[in-house]
Amino acid sequence: MSAISSPAGDTKASLAATPMVDPFGRSISYLRVSVTDRCDFRCVYCMSEHMSFLPKQDLLTLEELDRLCSAFVAKGARKLRITGGEPLVRREIMTLFRSLSRHLASGALDELTLTTNGSQLAKYAAELADCGVKRVNVSLDTLDADRFKALTRWGDLARVMEGIDAAQKAGLKVKINAVALKDSTEGEWEAMTRWAHGRGMDLTFIEVMPMGEIDGERIDQYLPLSRLRGEIMSRFTLTESSHGTGGPARYMEVKETGGRLGFITPLTHNFCESCNRVRVTCTGTLFMCLGQEDATDLRKPLRASESDAALYAAIDEAITRKPRGHDFVIDRRTQGPAVGRHMSMTGG
Ligand code: SAM
Ligand code: SF4
């Protein structure tokens, strides 16, 4: 496919692109975009083994994704994270990165980044760096090849490791995200911490969130980070870090390794007060909160006209509905997921 040629959002951006501020006074400066719901893994906490994916024609084209992202940039988004599903399995995805990099060059955007499972990083790391990507989040829950296979069902740890090598070689700063899981993380957090910090990578633990139907029970996977942190503190000396990415992670410095550990605790600690982000799915549905069902269709206004006026109006209206926070809960009494959609729809 040829490069994305018509950045419609640019020329019309100045028409009516006002900043996004929600009813609670929070400025929206961060957009996460899921570019596909498909993935080459089937992580047990994320998907069921036999997923039905969206028909290709329902997806926004790369040109439409570019225009949508550019509209958000015009409305004050300073940071764009490309996610999925697995973003790097979307065909011709590099044309989108290449095209969006113009916002970095113009200074309209501070950061263009992605979250990936790492399987395709060896192939794309150098090109991502060339597009101005500086940092990448790689999701990795275990260093044990067999356990990795069991957790991802289809993944190959060696390939992910090659991807991480390639990313670091290309000069990308890598952060590792690990979902905290009862069986694996409890026995592996120390090895993972030493490994990540030994390679100059931050490591962030994330609590499992009740999203979408999966094959197992959430309660069997759920490891509260308060418990994990307690365990870590019995072995390592942790001090509160001033490091912040404007996101939900709380960082601690580890004296023994000289590295940083992050904790994302949607269930045991509510991080919503400082939420600066919204999410768009690969079909152009805008979710104002990861943990709520309320959403707005942006594909219709996007396709309705070449002007971005209707799109801006739809975004503005949606932002007035951004809720104060989420309602996640995992316990034995609460049946089923808090939100029906899978994480792969809105991205992590
Ligand atoms: N495929 C890419 C990857 O795995 O990094 C990007 C999409 S994935 C949905 C983004 C992040 O969400 C990953 O770090 C993954 O571990 C996390 N995730 C998926 N399902 C989750 C769940 N139910 N609770 C918490 N995190 C989840
Ligand atoms: Fe795929 Fe990422 Fe979900 Fe795993 S967490 S199945 S890699 S989308």
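Our structure's up above, just so we're on the same page.
Everything numeric here is computed off the predicted structure, so don't read it as measured data. (Residues numbered from 1 in each chain as written. Chains lettered and ligands numbered in written order. Predicted model: local features only at pLDDT ≥ 70, side-chain atom pairs only at ≥ 80, totals over all residues. Heavy atoms only, no water.)

Asks: Mind laying out helix α5 (residues 145-152), listing which residues take part and the relevant values?
Replies: For α5, every residue scored as buried is listed here: F148, L151 and T152. An end-on view of α5 places all buried positions within 85° of arc, on one side of the element. In α5, those exposed residues whose orientation departs by more than 90 degrees from the buried face are D146 and A150. The inward-facing, buried residues of α5 contact α6 (157-169) and α7 (182-198). Downstream of α5 by a residue or two, R153 has a phi angle that is positive, lying close to 65°. (Buried < 20%, exposed > 50% of the residue type's maximum accessible area, 1.4 Å probe, protein only. Helix = DSSP H or I, 4+ residues; strand = E, 2+ residues; numbered from the N terminus. Arc of directions from axis to C-beta. Contact = heavy atoms within 4.5 Å.)

Asks: Break down the packing of aromatic side chains for me, citing the residues and quoting the values.
Replies: Throughout the structure, instances matching the rule amount to three aromatic pairs. Ring centres 5.5 Å apart and planes at 85° place the aromatic pair W189 and F236 in the edge-to-face group. Taken together, the residues W189 in helix α7 and F236 in the loop between α9 (225-235) and β7 (238-240) connect sequence positions 47 residues apart. As far as the burial class goes, W189 and F236 line up, both buried. Measuring from centroid to centroid gives 6.3 Å for F205 and F263, while their planes differ by 40°, and the two rings are tilted. With F205 in strand β6 (residues 202-207) and F263 in strand β9 (residues 260-264), this residue pair connects regions lying 58 residues apart in the sequence. The ring of Y30 has K79 lying over it, and the distance from NZ or CZ to the ring centre is 4.6 Å. (Phe/Tyr/Trp six-rings, centres within 6.5 Å; stacked < 30°, edge-to-face > 60°. Lys NZ or Arg CZ within 6 Å of the ring centre and 35° of its normal.)

Asks: Quick one: what's the story with the sheet that holds strand β1 (residues 30-34), residue by residue and with numbers?
Replies: Overall, mixed pairing links the twelve strands, which are arranged β7-β8-β9-β6-β5-β4-β3-β2-β1-β10-β11-β12 in an open sheet. Lying at the two open borders of the sheet, with one neighbouring strand each, are β7 and β12 (295-297). Across this sheet, the average inter-strand angle for adjacent strands is 25°, counted without regard to direction. Both β1 and strand β10 (residues 277-280) contribute to a ladder of four bridges, which runs parallel. Following the sheet pairing, Y30 is matched in β10 by R277. (Pairing = 2+ DSSP bridges. Axes fitted to C-alpha atoms, helices over the stretch in contact; angles between N-to-C directions.)

Asks: Residues and numbers for the site of ligand 2, please.
Replies: Neighbouring ligand 2 are C39, F41, C43, C46, M47, G85 and N117. For the shell around ligand 2, a count of residues per class yields five nonpolar, two polar and no charged. (Near = heavy atom within 4 Å. Nonpolar A, V, L, I, M, F, W, Y, C, P; charged D, E, K, R; others polar.)

Asks: So what's going on with the site of ligand 1? Which residues, and what values?
Replies: Around ligand 1, 17 residues are found, and the nearest of them are Y45, G85, T116, S139 and M209. Between ligand 1 and S139 there is a distance of 2.5 Å, counted from an oxygen atom to a side-chain nitrogen or oxygen. Contact with the protein chains covers 95% of the free accessible surface of ligand 1, which is 540 Å². (Polar contact = N/O pair within 3.5 Å; in protein donor to acceptor, adjacent residues only side chain to side chain. Areas by Shrake-Rupley, 256 points an atom, 1.4 Å probe, with all protein chains shown as cover.)

Asks: Go over the packing of helix α2 (residues 62-74) against helix α3 (residues 93-106) with me, naming the residues and quoting the values.
Replies: Two elements in contact, α2 and α3, have axes separated by 10 Å at closest approach and are oriented at 25°. By the criterion of interaxial angle, the relationship of α2 to α3 is roughly parallel. Our pair here, α2 against α3, has a crossing hand that is right-handed. Note on element contacts: α3 touches α2 through I93, T95, L96, S99, L100, R102 and H103, opposite L62, L65, D66, C69, S70 and V73. A breakdown of the residues in the contact of α2 with α3 according to their chemical character gives seven nonpolar, four polar and two charged. (Parallel < 35°, antiparallel > 145°, perpendicular 65-115°, else oblique. Left-handed = near helix turned anticlockwise from the far one by under 90°.)

Asks: For the nonpolar core, give the residues involved together with the corresponding values.
Replies: F72, F97 and F205 are the most contacted members of the largest nonpolar core, which has 86 residues in total. Here the element with the most residues in this core is α2; it accounts for seven residues. Contacts of F97, omitting those with residues within four sequence positions, involve I82, L88, L112, T113, L114, L128, C131 and V133. The next biggest cluster of nonpolar side chains, apart from the first, holds six residues, and it includes I206, M209, A249 and I264. (Core = buried A, V, L, I, M, F, W, Y, C linked by side-chain atoms within 4.5 Å.)

Asks: Describe the pattern of salt bridges, with residues and values.
Replies: All told, the structure shown has 18 salt bridges when counted by the stated rule. For the salt bridge of R147 with E188, the shortest nitrogen-to-oxygen distance reads 2.9 Å. With R147 in helix α5 and E188 in helix α7, the pair connects residues that are 41 residues apart, well separated along the chain. Each of K79, E111 and R135 takes part in a single network of salt bridges with overlapping partners. (Salt bridge = Lys/Arg side-chain N within 4 Å of Asp/Glu carboxyl O.)

Asks: Can you lay out α6 for me, pointing to particular residues and giving the numbers?
Replies: Spanning 13 residues, α6 covers 18 Å between terminal C-alpha atoms, matching the ideal 18 Å at 1.5 Å per step. For α6, the set of buried residues is L157, V160, M161, G163, I164, A166 and A167. The opening residue of α6 is D156, an N-cap whose side-chain oxygen sits 3.1 Å from the backbone nitrogen of A158. Of the residues flanking the end of α6, it is G171, one or two places downstream, whose phi is positive at about 90°. (Expected span 1.5 Å × (residues − 1).)

Asks: Let's hear about the side chain of D202: which residues, and what values?
Replies: You can see D202 is positioned in strand β6. Of the polar contacts made by the side chain of D202, one reaches the side chain of R260; its length is 3.2 Å.

Asks: Could you give an account of the pairing of strand β8 (residues 250-254), naming the residues involved and the relevant values?
Replies: Bridge analysis of β7 against β8 gives three bridges, and the strand direction is antiparallel. Note on β8: the bridge partner recorded for E240 is M252. For β8 and β9, the ladder comprises four bridges, and the chain directions are antiparallel. Bridge pairing in β9 links Y251 to G262. The hairpin turn running from β8 into β9, its antiparallel successor, is five residues long, and G258 in that turn takes a positive phi close to 75°.

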